[in-house]
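# Overview (structure and organization)
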Amino acid sequence: MNDLITSALLILVFTVSLGIIYPFAVWGVSQVVFPHQVNGSLIEKDGKIIGSELVGQNFSGEKYFHSRLSANNYDAANSGGTNLGPTSQKLIDRVKTDAEKLQTENSTKPIPADLVTTSASGLDPHISPAAAEFQIPRIARERNMSETDLRAIVAKHTEDRTFGIFGEPRVNILMLNLELNKK
Amino acid sequence: MTSNGVLQILLFFGVILLLTKPMGIYLTKVYSGEKIFLDFIFKPCERMLYAICRVYAEREMNWKQYGAGVLIFSLVSSLALYAIQRFQSFLPFNPQNFNAPTAESSFNTAVSFVTNTNWQGYGGETTMSYFTQMAGLSVQNFASAAVGMAIAVVFIRGISRFETENLGNFWVDLTRGTLYVLLPFSFLAAIFFVSQGVVQNFKPYDTAKLTESFVVQIDKKDADGNVLKDAEGENIKEDKTISEQTIVQGPVASQLAIKMLGTNGGGFFNANSAHPFENPTPFSNFVQMLLIFLIPAGLTYTLGQMTKSQGHGWAVFAAMAILFFAGVFTAYWAESKGNPLYPKNVNQQVIGGNFEGKETRFGVANSALFATITTGASCGAVNSMHDSFTPLGGLVPIVNMQLGEVIFGGVGAGMYGILIMVILTVFVAGLMVGRTPEYLGKRIEAYDVQMAMLYALIFPLVILIFAAISAISPDFGTNSLNNNAAHGFSEILYAFTSATANNGSAFAGLNANTLWYNSTLGAAMLIGRFLMIIPVLAIAGNLARKKRVPPTLGTFPVNTALFTILLVSIILILGALTFFPALSLSPILEHFQMNAGQSF
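Let us look at the structure shown here. Every chain is numbered on its own, with residues counted from 1 as its sequence reads. Each chain gets a letter, beginning with A, and each ligand a number, beginning with 1, in the order they are written. Selection of residues for local features in this predicted model requires a pLDDT of at least 70, selection of side-chain atom pairs for listing and counting requires 80 or more, and totals for whole chains, interfaces and linings are taken over all residues. For side-chain calculations, the full set of non-hydrogen atoms in the structure is used, while hydrogens and water are omitted.

## Notes on the sheet that holds strand 5 (residues 158–159) of chain A
The condition that has to hold: The rule for pairing is simple: two strands pair if DSSP sees at least two bridges between them. The way it works is that DSSP assigns letters per residue, a run of H or I at least four long becomes a helix, a run of E at least two long becomes a strand, and they are numbered from the N terminus.
Strand order in the open sheet formed by 3 strands is 4-6-5 (chain A), with antiparallel pairing between adjacent strands. Single-partner strands in this sheet number two, and they are strand 4 (126–127) and strand 5 of chain A.

## Points about the side chain of Ser 490 of chain B
To keep it simple, the criterion reads: The criterion used for residue contact is that any of the two residues' heavy atoms lie within 4.5 Å.
Positionally, Ser 490 of chain B belongs in helix 15 (residues 485–500). In contact with Ser 490 of chain B, other than residues within four places in its own chain, are Phe 507, Ser 586 and Pro 587 of chain B.

## Quick look at the packing of aromatic side chains
We count it as follows: By convention, a stacked pair of Phe, Tyr or Trp rings (six-membered ring in the case of Trp) has centres within 6.5 Å and planes under 30 degrees apart, an edge-to-face pair has planes over 60 apart, and any other such pair is tilted. Remark: exposure states derive from per-residue accessible area (1.4 Å probe, protein chains only) relative to the maximum for the residue type, with buried under 20%, exposed over 50%, and partly exposed in between. As a reminder, the over-ring test applies to NZ of lysine and CZ of arginine, requiring each to be within 6 Å of the ring centre and within 35 degrees of the ring normal.
Going through the model one piece at a time under the given rule, you end up with 40 aromatic pairs over all chains. Look at Phe 13 of chain B and Phe 317 of chain B: their rings are 5.9 Å apart centre to centre, the planes differ by 45°, and that puts the pair in the tilted class. With Phe 13 of chain B in helix 1 (residues 3–32) and Phe 317 of chain B in helix 10 (residues 310–336), the pair connects residues that are 304 residues apart, well separated along the chain. In terms of burial, Phe 13 of chain B and Phe 317 of chain B fall into one category: buried. Here Phe 556 of chain B and Phe 563 of chain B contribute two aromatic rings whose centre-to-centre distance is 6.3 Å and whose plane-to-plane angle is 55°, an arrangement assigned as tilted. For the pair shown, Phe 556 of chain B and Phe 563 of chain B are each scored as buried. Just above the ring of Tyr 64 of chain A sits the side chain of Arg 143 of chain A; from NZ or CZ to the centre is 5.1 Å. For the cation-ring pair, Arg 176 of chain B lies above Tyr 180 of chain B, with the distance from its terminal atom to the ring centre recorded as 4.5 Å.

## Remarks on empty space enclosed by the protein
Residue and element names in this part refer to chain B. Operational definition: We place a 1 Å grid over just the protein atoms. Points where a 1.4 Å probe fits but has no way out form a cavity, open points with protein on both sides within 12 Å along at least 5 of 7 lines form a pocket, and any residue with an atom within 4 Å of a point lines it. Grid points are joined across faces, edges and corners, and a volume is the space filled by probe spheres set on the points. Residue classes follow a fixed rule: Ala, Val, Leu, Ile, Met, Phe, Trp, Tyr, Cys and Pro count as nonpolar, while Asp, Glu, Lys and Arg count as charged, and any other residue, Gly among them, counts as polar.
Tallying each qualifying case throughout the model produces 5 cavities of 30 Å³ or more. Roughly 320 Å³ of volume is contained in the largest cavity. Lining of the largest cavity is provided by 26 residues; of these, Gly 404, Glu 405, Tyr 455, Phe 459 and Met 532 occupy positions nearest its centre. Listed by contribution, the elements that provide at least two residues to the lining of the largest cavity are helix 13 (413–433), helix 14 (446–471), helix 16 (515–545) and helix 17 (561–585). The element best represented in the lining of the largest cavity is helix 17, accounting for 5 residues. Per-class residue counts for the lining of the largest cavity are 14 nonpolar, 10 polar and 2 charged. Its boundaries defined by the atoms lining it, the second largest cavity holds a volume of some 60 Å³.

## Focus on unusual backbone geometry
Residues and elements named next belong to chain B. A positive phi angle, close to 55°, is found at Asn 97, a residue other than glycine. Along the chain, Asn 97 falls in the loop between helix 3 (63–86) and helix 4 (103–114). Phi angles above zero are rare outside glycine, and Ala 485 is one such case at about 55°. Among the residues examined, Ala 485 registers a relative accessible area of 39% and is labelled partly exposed.

## A few points about the pattern of salt bridges
Let me state the cut-off plainly: Salt bridge criterion: a side-chain nitrogen from Lys or Arg within 4 Å of a carboxyl oxygen from Asp or Glu.
As enumerated under the stated definition, the model contains 20 salt bridges over all chains in all. Here Glu 168 of chain A makes a salt bridge to Arg 161 of chain A, at a shortest N to O gap of 2.9 Å. For Glu 168 of chain A, a relative accessible area of 16% puts it in the buried group. Here Arg 157 of chain B and Asp 173 of chain B are joined by a salt bridge, their closest N and O atoms 2.8 Å apart. Highlighted residues: Arg 157 of chain B in helix 6 (residues 130–160) and Asp 173 of chain B in helix 7 (residues 170–196), separated in sequence by 16 residues. Neither residue differs from the other here; Arg 157 of chain B and Asp 173 of chain B are each classed as buried. Look at the salt bridges and you will find they share partners, linking Glu 133, Glu 147 and Arg 151 of chain A into a network.

## Notes on a nonpolar patch on the surface
We apply this condition: Patches were defined on residues exceeding 30% relative accessible area and lacking a salt bridge, with like-charge contacts within 9 Å and nonpolar side-chain contacts (Val, Leu, Ile, Met, Phe, Trp, Tyr) within 5 Å. Accessible surface is estimated by sampling points in the Shrake-Rupley manner with a 1.4 Å probe; for residues, cover comes only from the protein chains shown.
On the surface, a nonpolar cluster with roughly 350 Å² of combined accessible area is contributed by Leu 461, Ile 465, Ile 469 and Phe 476 of chain B. Following the sequence through the fold, Leu 461 of chain B ends up in helix 14.

## Considerations on the state of the cysteines
Residue and element names in this part refer to chain B. The line we're drawing: Throughout, a disulfide means two cysteine sulfur atoms within 2.5 Å of one another.
Applying the stated criterion to the full structure yields 0 disulfides over all chains. Of all cysteine sulfurs, the one in Cys 45 lies closest to Cys 53, which takes part in no disulfide; the gap is 13 Å. Cys 53 gets classed as buried once you look at its relative accessible area, which sits at 0%.

## As for the packing of helix 14 of chain B against helix 15 of chain B
Residues and elements named next belong to chain B. As a reminder, the rule being used: Convention adopted: a line fitted to C-alpha atoms gives each axis, helices being fitted over their contacting stretch, and angles between N-to-C directions are expressed from 0 to 180 degrees. Note on convention: near helix rotated counterclockwise from far helix by under a right angle means a left-handed crossing. Clockwise means right-handed.
Running from amino to carboxyl end, helix 14 crosses helix 15 at an angle of 145°, the nearest separation of the two axes being 9 Å. Crossing geometry of helix 14 relative to helix 15 is assigned as right-handed. Contact with helix 14, carried on its side by Phe 459, Val 462, Ile 463, Phe 466, Ala 467, Ser 470 and Ala 471, involves Phe 489, Ile 492, Leu 493, Phe 496, Thr 497 and Thr 500 of helix 15 and no other residues of that element. Among the residues forming the contact of helix 14 with helix 15, the class breakdown is 10 nonpolar, 3 polar and no charged.

## Remarks on the interface of chain A and chain B
This is how it is decided: When two parts are brought into contact, each loses some accessible area as probed by a 1.4 Å sphere; the total of that loss over both is the buried area.
Contact residues are listed per partner, giving 99 residues for chain A and 109 residues for chain B. For the pair chain A and chain B, the summed buried area comes to about 8,600 Å², and 66% of that belongs to carbon and sulfur atoms. Of all residues in chain A, the largest losses of buried area upon contact with chain B belong to Tyr 22, Asn 83 and Thr 87 of chain A, amounting jointly to 9% of the total for that side. At the surface where chain A touches chain B, the tally comes to 1 salt bridge.

Distances and angles like these do not, on their own, reveal function.
Here's what the structure looks like:
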């Protein structure tokens, strides 16, 4: 019986201290120190939110660098992957179809695999530098820009490994395409 | 495999190695009640908490009293968490106006978080209010982790104490673990995560106007929301133009920090640590991986300190490290080979290998590394979709869990799990030389081995029986599958392994939010936690009673490389004997099918 009372009281105390005070303390400190990140690293244009630096968006038009495939159409309120296994017929068919389409739209060069695979979150904000390079000739054609200029823009939005070691080099697809629209 | 990938793996392990000693010393101080530099803040809090909650801190408990405390506290925790979910719509901080999850889902989630499993049959951002996440789920992330640590410490006390019934006070261990270890580390980690871009707020979801709207095909529904089907039973599709994106928000950073540190693993969002708001950068990813192993690695040093046999602590650490490296390099190797079924015009090597279900910023190396860590420890957070790994890449997470979560393991759970293996190892070594086995000055006798075997047998029994029933039941078992053939069985096997091992990661294609899976996985989690804690506490109580036996020439030393090798062998043999038949029907079979060019 004593254990029961202690348990109930302890959970009450934990709920208030760890469940309410702790998250609010983290919120309070970070609103002051990191006000941009803490609210979602939002990008605004003319006072309206047009996205987050961290969340990928779907780009599939000819004039844009295409983003990776998404199991949820970049619905940021419903994250997740396809969870198709390596021997799934659905997966293999999808990859084949998309690979053919990409080669028709771009060139017959081998396609970097990130362009024909879905990400884990369905919100991958990045493509690989190889995937960007693969699309440069098409964008140059559609936008009447030189490939050299495009490579410079891609380079500007390419992040190297953190400290030269962690993670992989990557290009932020939303920032890259927003920059294209400025030209 | 690239040299950079290997470097990232080695670097991760190097940092863990450096942190093991300081963390271990700190944990020893916390659980021995020694002076700590944080005393000036937390000592008054601690005293006040004891006063409010009627804890008599000086009172020591025997193993049964301690166990009763654990069970009652966990029961009350489950009830509280269940209630919070069911009353969600009446509670504050629910800007998206989510309704309460169903009764069976709430049961499953309550059990899941109280057992430190964090299996999730729901999608966080579409189900749970901010209040449920922070005051319900997060609180249990703290509490269940602290309970696990407390039990590990009790086991170590059982080994290091002689001729006593006293094993410490559960309420004190629970409180000190939370207050001095979990809370301060989580707070610092949470602030760091915000700096990387993890959100922490209480506002409703934002809506972004897309730069390029696009058209998708969705299932056509009638006025009641039912999916319409054509004459052949296929869903009728209709076009929908999407011009906005909902950007989720919430108190993520505070929950993320304890989710990793407490090896809970339950994501705020459905995509867990693959979500850009839950793991925005490679740096945040690195720190998350460190947090998973921090306490489990530290506890090996604590083991050495408290039993006054530092060599033994390191020998146990070495066994864990060997199994870790074997796993991570197998997974990395398998993933970096890519999927041979892809057409030849797709270049997988340019981005490092099999990329379905992986994030660009982490790449193949960090996905394989994270998967190995999260399943070696019973964390269960994911930064890539394990379901889409190559067969052998996906085999590693399953095997890691099936070995009993002892590769550093869950906070506390890994330590008491491996100590059970240590007891079996000492016993086997004793049999080999024909002497009564001894462990750190204690005779290991029939009762200890019986309890250890109970622990070792409950585990595979639960997994294999539930998985077998699910695999032959189309009505409630296999109709939840997302993949066919061998991979489908992998999904089922993974689910029950993960639940029983209290891991919580998934081959997430399996739709587990059904009555059958919610209830059986819930049962598996309960058995995997509490039925296994009881033999652990019983051994601890029995060990503490024993007299000291001075070591002789015939005593098998537990601080040598020979001991480490024997320990690794016992773990592998026990795991292989029980699970190899099931594994050969799932990932191993799929591996050969894939290389033979078959798809399903």
